[in-house]
Amino acid sequence: MSDQFQYSLSAPRSGSARIRCVTQLAIVCLAVLLALNPAWGQKTYYIDESTDFSGNGCENDDLNDVTSSLRNSLNANGWTGQRWTNVSAWPQDYYESTMAGLSGVDNLYGDNFLLTVYAGHGNRASLQFGFKRDSRCTVSLERQARLGLQGGNKAVYSMYVTSCTLNLDSLSRNFNHQVRQQFGYHNSPAVKDDQPRDFFNATNSKTNARAWIDEMEDRAGWFTGDNSPIVLTHGLDSSHCAWVRDTAKLRGGVLLYTPPKPWGWYCWIMYDHGGC
Amino acid sequence: MKRIFTVTLAAAAVTLAIAGDAVAQEGKPQAEERLASFEMAWPKLKTEAITARARAAAEVITGQQLSRPAVVAPIKSSGASSRRMQMAVPGAPALEIFYLPEYNELRIVDTELAASTTPGREMPQDEALKLARRAFDELARRNVINLRHYDWGSADTASTWVGGGSLDGKTSEKNRIEYRITVRRSINGIEVANAGVRIAIHASGRVSALRLGGVEVASKTAGDVEEPIGKGRWLSRRVANKDLQTRFEREMVPEKAKARIAWSRVMYVMPENKRAALVEPLYVVSYSLEFPSDEGQTAISRRKTVGFSLVNPEAPPVDLMPPARAPKIEKMRKPEEKR
């Protein structure tokens, strides 16, 4: 079911006007969907994770593995995809393949699946990988990546289990993508091994936005309020954005298809326990 | 002249004495400072105890006396979620209630208030703290928490924000829709990282969420003091915070990196890989590391938390957030792409 169709059902209308509107929208949207939406109905994921940051040219602190249990849960729930780690996780996976000079392969990896996940280190609108490749360790999501656009063009949701990537003060640097939602942190988070999995599982009944902030506020079992999880949602306008934020459910299978483009509005929700 | 000299000398002596005392307090542990180790454990509660707690907490959130107890609702899911217990309280259908047995943690959200993201007004923080304190007292009155275990004065205040705007930048807004007030379990003035209460106060003035529970501490109370029982022992502090902070900078920060400290304090932290343990307070530093990266940029690590012994200067630092398991590395190498 298309965005316009579902969204129009939730908008207040009356009688025959509503039926006519719904019928027209359904026909148009079905046609558009079939022609243009490569990710429609496909529960696919792509995960890159860096845990080894020692002596590989991209120095930082070694990390715990936070996506293998997420991958298992995705697989158990009918999703299919790929997970690559360390030497097989490349910055180029997120570089826009149509941009000159980057040798990007997001058309094959980072932007070729409905849900795309990176776990490692980061900074404002950037990701740091553990192994240097072609002299690169990082991805600037502002300058080098175009998710849901151009090469690949299939990402609908992106998750960054990294420090500061969705820091509120530089949120606009994450605006160059045509995705429905981006999940990340306003600060440097403490993330236990299974928390991304628990987030995904929670989206069976909760919206993505609520599940992300609820599951990520603390490292599981702690009351220190270490994390400031944030969800950035995109929509056509203010009410459509709020509708996507309050509707989308990954595991619940709600809004698992390419959004209408281009988006004109962003909306975000965050538990604020401090920033970067 | 002699009198002026005498007064000046006396003033200098007093100043030196005060300064010296301050230095002594900062630089050396006070001789009488006693600490204690306690047995702590994640308790395994019976279903009746959990549902009774859920009902009492639901009454605090709704402000109503609920006629029937919470009932356990089966979760239609596999994997980790099945390790959680979902409950429903008749008479409070808007409440989403989960219990996490692994952490003895009850989480309740009022879904109607959570969906109310357009506040009519900005609530002052003082007002939110008063409302949270009222809910906190109600939880104690219903025996969900023990007031003696908490120091309200050390409560942390965070916020839930919503915002948005147009791509062209002509319109933007940011609103606080909730205060989230956390007070942790405290033992003789030292907080426990793994037990506490978090109360969310919605902009409407209602309680919108609760999170409570955590480890249990084996202790007895003598006057105002919580004393260890079982294997717990009284200890004498031998290392000052200042020295441990210096040690942190010396031992934990690599040469090329810069530490960004989120917080540091003396705290009890339950080892993550144990269900029960003898826990002594540590000097705990929660931090991230900033490293140089491509083209003059920097990369910031995810959060790390490390603890230093207050009683044994030779004890190695403790990683308080260790991996739950060894990283699962993909065996296959990703094929080189055709560009």
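With that settled, the discussion passes to the overall build of chain B. In terms of regular secondary structure, chain B is built from five helices and 20 strands. Evaluated residue by residue, chain B yields a buried proportion of 36% over its 339 residues. Counting contacts in chain B only where the partners sit at least 6 residues apart, residues at least 24 apart contribute 58% of the total.

What follows concerns helix H4 (residues 195–202) of chain A. Of all eight residues that make up H4(A), eight are buried, and the element is covered over most of its length. On its buried face, H4(A) is in contact with helix H3 (68–76), strand E7 (157–161) and helix H5 (208–216) of chain A.

Residue and element names in this part refer to chain A. The topology assignment puts asparagine 56 in the loop between strand E1 (44–49) and H3. With 17 C-beta atoms counted inside 10 Å, the residue asparagine 56 sits in the partly exposed group. Dropping the residues within four chain positions of it, asparagine 56 is found in contact with Gly130, Phe131 and Lys132.

All names here are of chain A. Positionally, phenylalanine 199 belongs in helix H4. Phenylalanine 199 sits 54 residues away from glycine 253 along the chain, and the two C-alpha atoms are 14 Å apart. Discounting chain neighbours no more than four positions away, the residues touching phenylalanine 199 are Ala211, Trp212, Glu215 and Met216.

All names here are of chain A. Of note, the bond from lysine 261 into proline 262 is cis; its omega dihedral lies within 30 degrees of zero at -5°. Residue position: proline 262 is located in the loop between helix H6 (238–245) and strand E10 (265–272). A positive phi angle is found at serine 103, which is not glycine, with a value near 55°. Within the fold, serine 103 resides in the loop between strand E2 (80–85) and strand E3 (115–119).

Another point: the domain arrangement of chain B. All names here are of chain B. Partitioning chain B into structural domains gives domain 1 (34–39 + 233–319) and domain 2 (46–103 + 105–163 + 173–214). Counting from both sides, the interface comprises seven residues of domain 1 and, opposite them, six residues of domain 2. Counting residues per element, the side of domain 1 that touches domain 2 draws most heavily on strand E15 (residues 258–268), which supplies three residues. When its residues are assigned to classes, the side of domain 1 that touches domain 2 shows seven nonpolar, no polar and no charged.

Another aspect to go through is H3(A). Every buried residue belonging to H3(A) is among Ser68(A), Ser69(A), Leu70(A), Arg71(A), Ser73(A) and Leu74(A), and all of these are buried. Looking one or two residues beyond H3(A), the residue adopting positive phi is Gly78(A), at roughly 85°.

What counts as what
- Residues numbered from 1 in each chain as written.
- Chains lettered and ligands numbered in written order.
- Predicted model: local features only at pLDDT ≥ 70, side-chain atom pairs only at ≥ 80, totals over all residues.
- Helix = DSSP H or I, 4+ residues; strand = E, 2+ residues; numbered from the N terminus.
- Buried ≥ 20, exposed ≤ 12 C-beta atoms within 10 Å, placed from the backbone.
- Contact = placed C-beta atoms within 7 Å.
- Domains from an automatic or database assignment.
- Nonpolar A, V, L, I, M, F, W, Y, C, P; charged D, E, K, R; others polar.

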